[in-house]
Structure formats: structure tokens, C-alpha cells
Amino acid sequence: MGSEQAVLAGWTSAQEQRDGPRDGAAFSEKEEGERGGKPRFEPIDREQLFWRMVDVERLVAEDHPARAIWEFVGELDLSGYTGEIRAVEGKAGRPAWHPQLMISLWAYAYSQGVGSARAIEQLCQCDPAYQWLTGTAVVNAHSLSDFRVEHDEALKGLFVQILALLSADGLITLERVMQDGTKIRASAASDSFRSQERIEQAIKQAREQVEAVDQMPQEESSRRVVKARERAQRERQERLGSALKEFEKLKTEGSVKEKKKTRVSTTDPEARVMKQPDGGFAPSYNVQVNTDAANAVIVAVGVVQAGNDFEQLRPGVDKVEQNLGETPAQVVADGGYVSRDNIVEMKSRGVEFIGPPCDEQGKGKSSYEGRGVSPEYYSSRFVYDAATNSFHCPNGKTLHYEGKEERNSQVSYKYRAAMADCQACPAKGQCCPGNQVTGRAIQRTEELPEVAEFRQKMQTEQAREIYRQRAQVAETPNLWIKAKFGLRQFNVRGLRKAGMEALWACLTYNICVWIRLRWRTEGAVATATA
Ligand code: SF4
């Protein structure tokens, strides 16, 4: 295109933007002849100014979910949020946003897949549902953002109140509770992980940069720019300081195996690299959700840094008890939760535990999956020979007695195959893929009565049928939270704030259950027929 044509095209485009498309621009003379003239279109006038009457109450329909959320939140005691409000009637100062509005805004936003305070601020300017909630006011992103992560106790109290309302409405029975964990990505990039040494160097550099900002001549930068730089440096130093503290925490937990290989994220130091459902690894948090099977209401939620679920069953049941003042009669969980300790613990608390049968070592299948062992080579497939005190593997090789181990007042007897047998075995890849210098080992533990009872129970069709229901109930809220609410990655950083965001999502999910099962069937119908 020549420069003259380009100028013309640019002018044409600008004119069209102002005046709308030119009449008949795209039609040939032949077409005009057939039609008897150029076609006419509705004009687009972008230069007009006009007043529009808006009936705010009618911005949304009677059965719109924004009304349901507003109504539901209005039933709650929000005194946990009002205690810290400084603005009082009759005195100067900017009034606070009402907690009913802020909670309704966040709950409605999550239910629509919006998790960003900035996006809500924009929606307050143009979306009828947000405008109805705010009465056409615009709540700024800063206030929304602070409200989401402040008031931990008030938010937990809100979650408990919602459970009390749903329970009073007959939506929670605690007869059967499913527990499941889901990994949600942290707000940290995979390449933000650094060694302790690198973080110490970065802290030193950050200090030098702060000193450089302090010594900068005043006239060189405006006061505002200097303040912004200082704030950015301070926040960076705080994050790096938190990352260093995280190394100490990992050492205390005993999670540091090789100091040089241990890495912590500099953007979200509390995030941990976890295995994802697609098989990859990413910085994440493990979100534990307990769901009441009667109506799929979430009765407890927790966020932890542990990548596995073995140790999360007891805290999950504890949370259900704290939230509802009652112990669930039955807990159903997948193989990741099945361990001897959990079986014994649930039995002692009077909670019936349903899960896939554990192997003879009292571990569920996940420990094998982690090591790449195929089900045909789980230790339950090895045959014990009491006469020779040895085991025979599925390929007929002998595992000889190696020694005994006493742990947690239990005695385990260890047996091992000859290295030469395993190295030459065609099934090595399915049986003990990680063993490079030893043969496959298994343990025989004198079985606890609780474990024997559990194993026997899980052979029955009744228990298996209950377990089959697990996936549908337990995974429904996880699916909603990730697919419908869009919470595949946290919008906030740090364990505490991630815990709060998970609570917001679960609280919203529960309100959605109420809308679906109660408001849509009772409230909206009553309003419509009034
Ligand atoms: S790898 Fe060793 S223990 Fe496993 S099946 Fe082969 S010979 Fe037996």
C-alpha cells in the first residue's frame, strides 16, 4: 500500500469510528442497481450527550443471585467486622463500606469467577449486578483487597455462622463426611525459587539499593518517586527476610535433606513445590475440604503446606467438630489418607473410617504410586512362608528375613530379595524401579485389631458402595472452586492469606448451595407469586 493510500485508509477508519460505517461502502454498483439504490443503515452517533433514567432496584431481576447473596448475608451477625470501624456518625472522616456490601460483593464476584479486586472495581462501574449491590457507588480495589485478607477471625466466624444456618435448614447431617485435598497454585512463579545462599546475597544487594535511594539528591527525584522506591525496596526486603525464615522452618521440620538443593520462593516463601493432577510440579498449597454427603455442603476447609494427605485426616475431623460442635459419624477418604495411624485414630474417636483397603504395612496405595510400584507388586501380593520365615515374590524369588524394627510400639519384620534376582528380573520396573544397589524389601507387621477390622470391613459390598460415592461428593466442591469460581491459582500470597481466600471460595460455594436448594425453591418462588 502506498503512503497516500495508507493515509486515506487511516482517515477512513478514523472517520468510520466517529460517524459509523459509510452507506453502501461494501456494495458494488451491480448490487446497487439490483436493489435500486444504496442500502441504508441505522446511524451510530457517538457525539451525542443524553440523560438516562435508571431504576437501580430494577437493574437485576427478582430471582437474580445477587439478591439472594445480599439477602443471605443480611441474615448474618456481622459484628466481627464492625468493631474496628473508626468512622462514627456525627464526626468527621470518611465513612466505611458496610460489611454486608463488602461480603456480598466478594461472594458474588467469586460465584461469577472473578477473584481480582481491580476487576470488581471496574465491574462496579458497568455491570448491573454489581451496581445493584453497591447502589451504583464504586468501591475501590484497595478497600476490597484489604477487606478480603484482613479480619481472619471474623471470616472464620462467618463461615461457622453460615454452617449453622444451613444446618438449621436441614442441609447438613454429619452422617457421612467426605474429605479430599486439591492443589491450588500459589501466586509464585516456578523460577522464583532460590537457594539460601542466593537469598542472602539478594538481601545484601537490597540493603545497598536502599542506601543508594537514601543518598539520592533530593532534586533528582520527586518526593513521591523516592517514597515509591523506598516502599518497593522495603517490600522486597520483607519478602526476602520471610524466605530466609522459611529455610529455618524447613530445617526445624526436618525437610532439608540437602542444604544446597533446598529452594524457597522469593515471591511467596511459604509456597511449596507440589505434584499437580497433570503430573507436573508447581508452587502450590494443599487445600483440604470436608464435604457433608447429604447435600454436598463444605463443612471444613484448611490450607496446608504438606504435599501429601496422610496427616490431614485428623485436622480435618477436628475442624468439622470445631465448626459444628459435633463429630461426623463417618468419614470417607481416598487412599492418600489411609494409614495405620489414621485407622486407629478414627476408631478411638468413634468415627467410622471408609477408604480403600490398605496393604499389610498399613499404608494406602499412594505411597506405592509415589515410588512407581504397580498394584501387582504391592507387598500384599507377596506370600509369607511361616515355616522358613521368608516371603515369595510374584516372580517366585525368596525374600529372606533381614531384621526387625520397633517403632510407635509396633514391631516390624523386614525381608529382602537378593540384589542379583531383582537386577535380572524383567518386572523390576514395576516392582522396585528405584532400587539400584539393593533388592526389593517388604515389611511384615503384627497387625493391629483396628487395621484387621478395617480391612475386613472394606471387603464388604456395603462399604465398597459407600466408597464408590466418594469421588462424586468430594470432588464436586473442588470442581466448582476451580472450574466455576476460577480459583486455579491464588490471588494472594502467603499461607494465612491463601487460607483466607480458600475460605472465601468455600463460603461462596455454600451460599450457592443454599441458593440452589432453598432460595430458588422457596424465596424466589414466594417473591414471584407475591
Ligand atoms: S524385582 Fe525382585 S522382588 Fe520384584 S518381582 Fe522381580 S525378583 Fe521378585
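Residues numbered from 1 in each chain as written. Predicted model: local features only at pLDDT ≥ 70, side-chain atom pairs only at ≥ 80, totals over all residues. Heavy atoms only, no water.

A. Inspection of the overall build of the protein at higher detail. Regarding its fold elements, the protein presents 19 helices and 13 strands. Here the protein holds 530 residues, and the buried ones make up 40% of them. Summed over its atoms, the accessible surface of the protein is roughly 29,800 Å², and 49% of this surface lies on carbon and sulfur atoms. (Helix = DSSP H or I, 4+ residues; strand = E, 2+ residues; numbered from the N terminus. Buried < 20%, exposed > 50% of the residue type's maximum accessible area, 1.4 Å probe, protein only. Areas by Shrake-Rupley, 256 points an atom, 1.4 Å probe, with all protein chains shown as cover.)

B. Representation of the pattern of salt bridges. What the rule picks out here adds up to 17 salt bridges. Between Arg470 and Asp180 there is a salt bridge; the shortest N-O distance is 3.8 Å. Separated by 290 residues along the polypeptide, Arg470 in helix α18 (residues 461-484) and Asp180 in strand β1 (residues 177-185) bring together distant segments of the chain. Overall, Arg470 belongs to the buried group, its relative accessible area being 8%. (Salt bridge = Lys/Arg side-chain N within 4 Å of Asp/Glu carboxyl O.)

C. The side chain of Ser390, seen in detail. Inspection of the secondary structure puts Ser390 in strand β10 (residues 390-392). Sequence-distant contacts of Ser390, that is, excluding residues within four places in its chain, are made with Val383, Tyr384, Asp385, Thr398, Leu399 and Tyr415. (Contact = heavy atoms within 4.5 Å.)

D. Layout of the environment of Val73. Turning to its location among the elements, Val73 is positioned in helix α3 (residues 65-74). Its relative accessible area of 1% is what places Val73 among the buried residues. Dropping the residues within four chain positions of it, Val73 is found in contact with Leu78, Gln100, Ile103 and Ser104.

E. Seen up close, the packing of aromatic side chains. Using the criterion set out here, one finds 14 aromatic pairs in the structure. The interplanar angle of 55° and the centroid separation of 4.7 Å between the aromatic rings of Phe72 and Trp514 together place this pair among those described as tilted. Of the two residues, Phe72 sits in helix α3 while Trp514 sits in helix α19 (residues 495-529), which places them 442 residues apart along the sequence. With respect to class, Phe72 is no different from Trp514; both count as buried. On the basis of an interplanar angle of 45° and a centroid distance of 6.3 Å, the ring pair of Phe147 and Trp504 is categorised as tilted. Of this pair, Phe147 sits in helix α8 (residues 141-149) while Trp504 sits in helix α19; the two residues are 357 residues apart in sequence, bridging distant segments of the chain. Among the aromatic residues, ring-to-ring pairing joins Tyr384, Phe391, Tyr401, Tyr413 and Tyr415 into one connected group. One Lys or Arg, Lys484, reaches over the ring of Trp480 and ends 5.4 Å from the middle of that ring. (Phe/Tyr/Trp six-rings, centres within 6.5 Å; stacked < 30°, edge-to-face > 60°. Lys NZ or Arg CZ within 6 Å of the ring centre and 35° of its normal.)

F. Layout of the site of the ligand. With respect to spatial proximity, the complete set of residues near the ligand consists of Tyr377, Cys393, Asn395, Lys397, Asp421, Cys422, Cys425, Lys428, Cys431, Cys432 and Arg440. Taken together, the elements giving at least two residues each to the shell around the ligand come down to α15 (419-423) and α16 (428-431). Taken together, the residues that form the shell around the ligand break down as six nonpolar, one polar and four charged. (Near = heavy atom within 4 Å. Nonpolar A, V, L, I, M, F, W, Y, C, P; charged D, E, K, R; others polar.)

G. Summary view of the pairing of strand β7 (residues 330-333). Alternating positions in β7 separate into two faces, Gln330 and Val332 on one and Val331 and Ala333 on the other, with burial throughout. In terms of strand pairing, β1 meets β7 through three bridges, oriented parallel. Its bridge partner lying in β7, Met178 is registered against Val332. Bridging between β7 and strand β8 (residues 352-354) involves three bridges; their strand directions are parallel. Across the sheet, residue Gln330 finds its bridge partner in β8, namely Glu352. Handedness of the crossover joining β7 and β8 through helix α13 (residues 340-348): right-handed. (Pairing = 2+ DSSP bridges. Right-handed = clockwise from strand over helix to strand, strands pointing away.)

H. Summary view of unusual backbone geometry. Non-glycine residue Ala296 carries a positive phi angle of around 60°. Secondary-structure assignment places Ala296 in the loop between β5 (281-292) and β6 (297-304). The buried category is assigned to Ala296, whose relative accessible area is 13%. Despite not being glycine, Asn389 shows a phi value in the positive range, around 50°. Summarising the element assignment, Asn389 is placed in the loop between β9 (383-385) and β10. For Asn389, a relative accessible area of 25% translates into the label partly exposed.

I. Representation of a positive patch on the surface. A surface patch of positive charge is lined by Arg223, Lys227, Arg231 and Arg234. Take Arg231: it is sitting in helix α11 (residues 223-253). A residue is classified by how much of its surface remains accessible, and Arg231, at 44% relative accessible area, is partly exposed. (Patch = residues over 30% accessible without salt bridge, like charges linked within 9 Å, V, L, I, M, F, W, Y side chains within 5 Å. Lys, Arg positive; Asp, Glu negative; His and termini not counted. Charge placed at Lys NZ, Arg CZ, Asp CG, Glu CD.)

J. Geometry of the nonpolar core. Leu105, Ile120 and Trp504 are the most contacted members of the largest nonpolar core, which has 75 residues in total. Residue contacts for Leu105: discarding those within four places in its chain leaves Ile120, Cys124, Tyr130, Leu133, Thr134, Val139 and Leu144. Counting residues in hydrophobic clusters, the runner-up holds 20 residues, among them Ile343, Val351, Ile466 and Ala474. (Core = buried A, V, L, I, M, F, W, Y, C linked by side-chain atoms within 4.5 Å.)

K. Representation of the pairing of strand β4 (residues 272-275) in the model. Side-chain alternation along β4 places Arg272 and Met274 on a buried face and Val273 and Lys275 on a face that remains uncovered. Bridge analysis of β4 against β5 gives four bridges, and the strand direction is antiparallel. Residue pairing for β5: Lys275 is matched across the bridge by Phe281. Following β4, the chain reverses through five residues before pairing antiparallel with β5; Gly279 in that reversal takes a positive phi of roughly 95°.

None of this, on its own, says anything about what the molecule does.
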